[in-house]
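An overview of the molecular structure
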Amino acid sequence: MTEIAVARTGDIPKGEIIQVEVEGEPVALYHLHDGTFCATADTCTHGAAYLSEGWLTEDGQVECPLHNGCFDVRTGEPTELPCEVPIRTYPLRIEGEEIILSTA
């Protein structure tokens, strides 16, 4: 298992998304409205769009900017068509101010 510090908690305002690169792949980091953090693959499985350019809802879903499909950022499961294939989620933990992502 590889753990990587990918950002600081203060880098992501509550309700926002940023993109980071992990092992050459784009990853979306989310700061949910309830204060928790999540990470998923940043590329929509329906179309070649970055989810980090989409919108985070108050209930923890990301809306893709290309076709407006949605995913639950906690589970990666699609929640709104046209998205049907789940996105990868990454385990993470907060250590002090650091967001540590696991690639396992």
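Look above for the structure.
Below: a short report on this structure. (Residues numbered from 1 in each chain as written. Predicted model: local features only at pLDDT ≥ 70, side-chain atom pairs only at ≥ 80, totals over all residues. Heavy atoms only, no water.)

Considering the sheet that holds strand S6 (residues 61-63)
Strand order in this open sheet of four strands is S5-S6-S7-S8, and the pairing throughout is antiparallel. Every interior strand has two partners, whereas the edge strands, strand S5 (55-56) and strand S8 (78-80), have only one. Note that S6 and strand S7 (residues 70-72) share three bridges and pair antiparallel. Residue pairing for S7: Gln-61 is matched across the bridge by Asp-72. (Pairing = 2+ DSSP bridges. Helix = DSSP H or I, 4+ residues; strand = E, 2+ residues; numbered from the N terminus.)

Focus: the side chain of His-31
The residue His-31 is located in strand S3 (residues 25-31) in this model. Overall, the relative accessible area of 11% leaves His-31 in the buried class. Reaching out from His-31, the side chain makes a polar contact with the backbone oxygen of Ile-12 at a distance of 2.7 Å. What His-31 contacts, discounting residues up to four positions off in sequence, is Thr-9, Ile-12, Pro-13, Lys-14, Gly-15, Glu-16, Thr-36, Phe-37 and Leu-56. (Buried < 20%, exposed > 50% of the residue type's maximum accessible area, 1.4 Å probe, protein only. Polar contact = N/O pair within 3.5 Å; in protein donor to acceptor, adjacent residues only side chain to side chain. Contact = heavy atoms within 4.5 Å.)

Observations regarding the pattern of salt bridges
A full pass over the atoms with the stated rule returns four salt bridges. One salt bridge in this structure joins Glu-98 and Arg-8, with 2.6 Å as the shortest N-O distance. In this pair, Glu-98 is assigned in strand S11 (residues 98-102) and Arg-8 in strand S1 (residues 3-8), connecting sequence segments 90 residues apart. Taking the relative accessible area as the measure of exposure, Glu-98 reaches 26% and is therefore partly exposed. (Salt bridge = Lys/Arg side-chain N within 4 Å of Asp/Glu carboxyl O.)

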